[in-house]
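Residue-level structure breakdown
Here is what each chain is made of, one letter per residue.
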2 protein chains.
Amino acid sequence: MNQFRALSFFILIVVATACSNNSDTATMSQPSHPIAIALHGGAGNIEKMNLSEEDKGRYLFVMDSALQIGYTVLQNGGTSTDAVEKVICALEDCPLFNAGKGAVFSHEGRNEMDAAIMNGSDLECGAVAGVRHVKNPIHGARTVMEQSKHILLYGAGAEEFLKKKNVEMVDTSYFYTTKRWEQLQKALEKNTNGLDHDENSGDNKYGTVGCVALDINGNLCAGTSTGGTVNKRYNRIGDSPLIGAGTYADNNTCAISCTGKGEDFMRLVAAHDISSQMKYKGLSLYDAINNTIQVSLKSIEGRGGCIGLDKAGNVVFSFTTSGMFRAGIDGKGAKTLSIY
Amino acid sequence: MNQFRALSFFILIVVATACSNNSDTATMSQPSHPIAIALHGGAGNIEKMNLSEEDKGRYLFVMDSALQIGYTVLQNGGTSTDAVEKVICALEDCPLFNAGKGAVFSHEGRNEMDAAIMNGSDLECGAVAGVRHVKNPIHGARTVMEQSKHILLYGAGAEEFLKKKNVEMVDTSYFYTTKRWEQLQKALEKNTNGLDHDENSGDNKYGTVGCVALDINGNLCAGTSTGGTVNKRYNRIGDSPLIGAGTYADNNTCAISCTGKGEDFMRLVAAHDISSQMKYKGLSLYDAINNTIQVSLKSIEGRGGCIGLDKAGNVVFSFTTSGMFRAGIDGKGAKTLSIY
């Protein structure tokens, strides 16, 4: 019930934020370049029978609200970097998704979070992995991108750097949710040998969140944030914080954020593979994503999906699972809000 | 002097190993596919005036010996994975290179080592980052590849996993060398604010080691191992352990190992970028590497280089620095052994 109250409170905040942003749209500047945005809240075995109408409504409401937050940034002439960060912060603050507040627990009962962000204009990027006290890991990733000469910082070292940059830290208890704790207990029961992660534990949904955006200056940005897999061990790092695997952006091609079984995306260097097909083969975003997700990923029995956005504002969603939480508004203003 | 004795001892071991391997060549099987191998010991500002004839001789001797160890594995019908692991183990065991025994020190006076290995036949790969007690990080990476469902494990978690798999651990004192400790002290003196790494510290050489190999079955393998950058902080992870950035292999294209300022290679997803140009644009290994290293890397003022090997046994070396320690034997038996 505590969790339910927390969720209701979160929804109120999202509505308030979205509303205050909506009021700004009266002063929005006229876009000089098509603007577009897309987000995902993870892919996986999301069967209709396992998702109540009430839960479905919550997911759709939160995704729609987060989408509007980002779109308003773009409508007001803000950067794609700001849009991506704000959208992902909103999803990280919501306990529904496996990132930030809703992050899953590791084998040892810890929340170890990963995030990355990349600008398509100059290929600048930043990422954190294995952080345990950073309230919004995507903000940590952006801070690494903008204030460090490095790209990927891990765990305690990453937090030491971010503290110096005044990034908000919270006690580990902030990330506790009953749902995720119970999910870990179930996973631990099944995983008696304890020698590796139990990837089939829990509800087999990959709740990573991600966002891609295109601003009025034609700049693309991509970001991804995750708690990783339930019952993960040995300080495993997945694809989300790895530039080229789970996250990539290049103004010449596209912005990509992936979700799914991270190792599959790492082997294919999936996000960069999509960009490379556009760059070197001249393929459209749709065809490039289709080849990487529906052909290559399937050929290694990989599970998951991605969202993609090109410089013309085309939005593409693709996944090999039964569902992917997703939303977007393309360059022509056409909106998507869907789960299955 | 201790270090000099250690090096002399190492050279004796290499000679002994190389000799014992050479004796096996009498029974070697006839290759059914061209075999080839290449290695690097890092790129950087290696000016002739800064490298004594004695030191030059040592580097060339160790590289030649390590190359022979790997080539003998291939001549005897061994796998490219075995060849890559053995070559990199030999280089890790030598205090001349920034990997394993010769790893640089972090800001806190620790050796934090990264390594990755990838098979081109099935895109299987494994990597470790931030390990402090693993005698041969490349062996740790191979163990992750072969005995874990995961690809990238960090620090204490990685070591917990590797201990369960009986991978050899050593006390941190094993990695101490006077040369590297003095290099850190110089870097610390220059870096008074302590807010970030001092990338211009030390002698501006990037001593990462790497190897690519092609075996008689036509299987490619790539591996890379490093101590990272002198005086690094905040648990920074570079490109070496990241699949697609510093290390990549795909039988359909090539095997690549990079060395240099890691962040530049991460932004370009350099190793995968080379592979993608061959796959999607039909370029030769030489042209693909030239585009990534001499055009793209230079365009972002990136520093470093790479070694590449394709399925036909062509070996390519490329770097933007004044030198790169390198050696190789291509598919036609032509040998390279060079520094500048």
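Think of each chain on its own: its residues are numbered from 1, step by step along the sequence as written. Note on labels: chains are lettered from A, ligands numbered from 1, in written order. Residue-level local features of this predicted model are given only where pLDDT is at least 70; pairs of side-chain atoms are given and counted only at 80 or more, and the full residue set underlies all totals for whole chains, interfaces and linings. Excluding hydrogens and water, the side-chain values take into account all heavy atoms of the structure.

**So, the sheet that holds strand 11 (residues 304-310) of chain B**
All names here are of chain B. Across the sheet, which stays open at both edges, the four strands sit in the order 9-10-11-12 with antiparallel pairing between neighbours. Sheet topology places strand 9 (247-249) and strand 12 (315-319) at the edges, where each strand pairs with a single neighbour. When strand polarity is set aside, the average angle formed by the axes of neighbouring strands in this sheet is 10°. Any two strands between which DSSP finds at least two bridges are classified as paired. Helix and strand assignments come from DSSP, with helices taken as H or I runs of at least 4 residues and strands as E runs of at least 2, each series counted from the N terminus. Bridge analysis of strand 9 against strand 10 (residues 254-260) gives three bridges, and the strand direction is antiparallel. Counterpart to alanine 249 in the pairing with strand 10 is alanine 255. Of the strands in this sheet, strand 9, strand 10 and strand 11 are in contact with helix 8 (residues 270-281), which crosses strand 10 at around 145°. All axes here are fitted lines through C-alpha atoms, helices being fitted over the stretch that makes contact, and every angle between N-to-C directions spans 0 to 180 degrees. Contact criterion: two residues are considered in contact whenever any of their non-hydrogen atoms come within 4.5 Å of each other.

**Quick look at the pattern of salt bridges**
Side chains carrying opposite charge are able to pair once their charged atoms draw close together. Salt bridge, as used here: a side-chain nitrogen of Lys or Arg that lies within 4 Å of a carboxyl oxygen of Asp or Glu. The tally for this structure, following the rule as stated, stands at 26 salt bridges over all chains. A salt bridge links glutamate 85 of chain A to arginine 142 of chain A; the shortest N-O distance between them is 2.7 Å. One end of the pair, glutamate 85 of chain A, is in helix 3 (residues 80-93); the other, arginine 142 of chain A, is in helix 4 (residues 137-147), and 57 residues separate them in sequence. Only protein chains enter the accessibility calculation, which uses a 1.4 Å probe. A residue is then buried if its area is under 20% of the maximum for its type, exposed if over 50%, and partly exposed in between. Residue classification places arginine 142 of chain A among the buried positions, given a relative accessible area of 13%. Between aspartate 93 of chain B and lysine 135 of chain B there is a salt bridge whose closest N-O contact spans 3.6 Å. Here lysine 135 of chain B lies in the loop between strand 3 (125-131) and helix 4 (137-147) and aspartate 93 of chain B lies in helix 3 (residues 80-93), a separation of 42 residues in the sequence. Assessed through its relative accessible area of 17%, lysine 135 of chain B is described here as buried.

**What to know about the nonpolar core**
Ile256 of chain A together with Ile256 of chain B are the most contacted members of the largest nonpolar core, which totals 93 residues. Ignoring any residue separated from it by four or fewer positions in sequence, one finds isoleucine 256 of chain B in contact with Val212, Ala222, Gly246, Thr247, Tyr248, Ala271, Ile274, Leu285, Ile289, Cys306, Ile307 and Gly308 of chain B. The set of buried Ala, Val, Leu, Ile, Met, Phe, Trp, Tyr and Cys residues whose side-chain atoms join them within 4.5 Å is what this entry labels a nonpolar core.

**Quick word on the packing of aromatic side chains**
Between 30 and 60 degrees the pair is tilted, below 30 it is stacked and above 60 it is edge-to-face, where a pair is any two Phe, Tyr or Trp rings, Trp via its six-membered ring, whose centres lie within 6.5 Å. What the rule picks out here adds up to 17 aromatic pairs over all chains. A ring pair is formed by phenylalanine 105 of chain B and tryptophan 181 of chain B, whose centres lie 4.9 Å apart and whose planes are at 90°; its orientation type is edge-to-face. In this pair, phenylalanine 105 of chain B is assigned in the loop between helix 3 and strand 2 (113-119) and tryptophan 181 of chain B in helix 6 (residues 178-190), connecting sequence segments 76 residues apart. A residue is classified by how much of its surface remains accessible, and phenylalanine 105 of chain B, at 4% relative accessible area, is buried. Both rings, one in tyrosine 176 of chain B and one in tryptophan 181 of chain B, keep their centres 6.0 Å apart while their planes meet at 45°; by these two values the pair is tilted. Take tryptophan 181 of chain B: its relative accessible area is 31%, and that puts it in the partly exposed class. Ring pairs connect the aromatic residues Tyr59, Phe97 and Phe325 of chain A, which therefore count as one cluster. Between the NZ or CZ atom of lysine 101 of chain A and the centre of the ring of tyrosine 174 of chain A, over which it lies, the distance is 5.0 Å. Here, a charge over a ring means that NZ of Lys or CZ of Arg falls within 6 Å of the ring centre while also lying within 35 degrees of the ring normal.

**Topic: the sheet that holds strand 9 (residues 247-249) of chain A**
Sheets are built from strands that pair by backbone hydrogen bonding, the pairs being arranged parallel or antiparallel. Residues and elements named next belong to chain A. Strand order in this open sheet of four strands is 9-10-11-12, and the pairing throughout is antiparallel. In the strand order of this sheet, the two ends are held by strand 9 and strand 12 (315-319), each with one partner. With direction set aside, neighbouring strand axes in the sheet form an average angle of 10°. Pairing geometry for strand 10 (residues 254-260) and strand 11 (residues 304-310), over seven bridges, is antiparallel. Bridge pairing links cysteine 254 to aspartate 310 in strand 11. Strands strand 9, strand 10 and strand 11 of the sheet are contacted by helix 8 (residues 270-281), whose axis makes an angle of about 145° with strand 10. Across the sheet, helix 9 (residues 285-299) lies against strand 10, strand 11 and strand 12, angled at about 165° from strand 11, the strand it touches most.

**With respect to the relation of the copies chain A and chain B**
Between the two copies of the chain lies a rotation about an axis combined with a shift along it. We place the copies in one frame by least squares, fitting the C-alpha atoms of every residue whose pLDDT is at least 70 in both. Once chain A is rotated about the relating axis by 180° and shifted along it by 0.0 Å, it coincides with chain B to within an RMSD of 0.0 Å. This pairing of chains is accounted for by a two-fold axis. A share of 98% of the interface residues of chain A reappears at the interface of chain B, consistent with the copies meeting face to face through the same patch.

**What to know about the pairing of strand 2 (residues 113-119) of chain A**
All names here are of chain A. Most of strand 2 is tucked away, with seven of its seven residues classed as buried. The alternating pattern of strand 2 places Met113, Ala115, Ile117 and Asn119 and Asp114, Ala116 and Met118 on opposite faces, both of which are buried. Both strand 2 and strand 3 (residues 125-131) contribute to a ladder of five bridges, which runs antiparallel. Each residue of the ladder has a partner; that of methionine 118, found in strand 3, is cysteine 125. Adjacent in sequence and paired antiparallel, strand 2 and strand 3 are bridged by five residues, among which leucine 123 carries a positive phi angle near 60°. Here strand 2 runs beside strand 7 (residues 220-226); their pairing, made up of six bridges, is antiparallel. Looking across to strand 7, one finds that alanine 115 is bridged to serine 225.

**Overview of the interface of chain A and chain B**
The partner chain B presents 45 residues to the 46 residues of chain A that form the contact. A quick way to say it: buried area is the sum, across both parts, of accessible area lost when two parts are put together, with a 1.4 Å probe. Counting the surface lost from both chain A and chain B, the interface buries some 4,200 Å², and carbon and sulfur atoms represent 57% of this. Per-residue buried area on chain A facing chain B is highest for Tyr234, Arg267 and Tyr280 of chain A; these three make up 19% of the total on that side. On the surface where chain A and chain B come into contact, there are four salt bridges. Two N or O atoms count as a polar contact when they lie within 3.5 Å, although within protein this holds only if one can serve as hydrogen donor and the other as acceptor, and sequence-adjacent residues are included solely when both atoms are side-chain atoms. Taken together, the links from chain A to chain B amount to 24 residue pairs in polar contact (both at pLDDT 80 or more). At the level of secondary structure, the elements contributing two or more residues to the side of chain A that touches chain B comprise strand 4 (152-154), helix 5 (155-164), strand 8 (236-237), helix 7 (262-268) and helix 8 of chain A.

As far as function goes, none of this settles anything; it's purely spatial.
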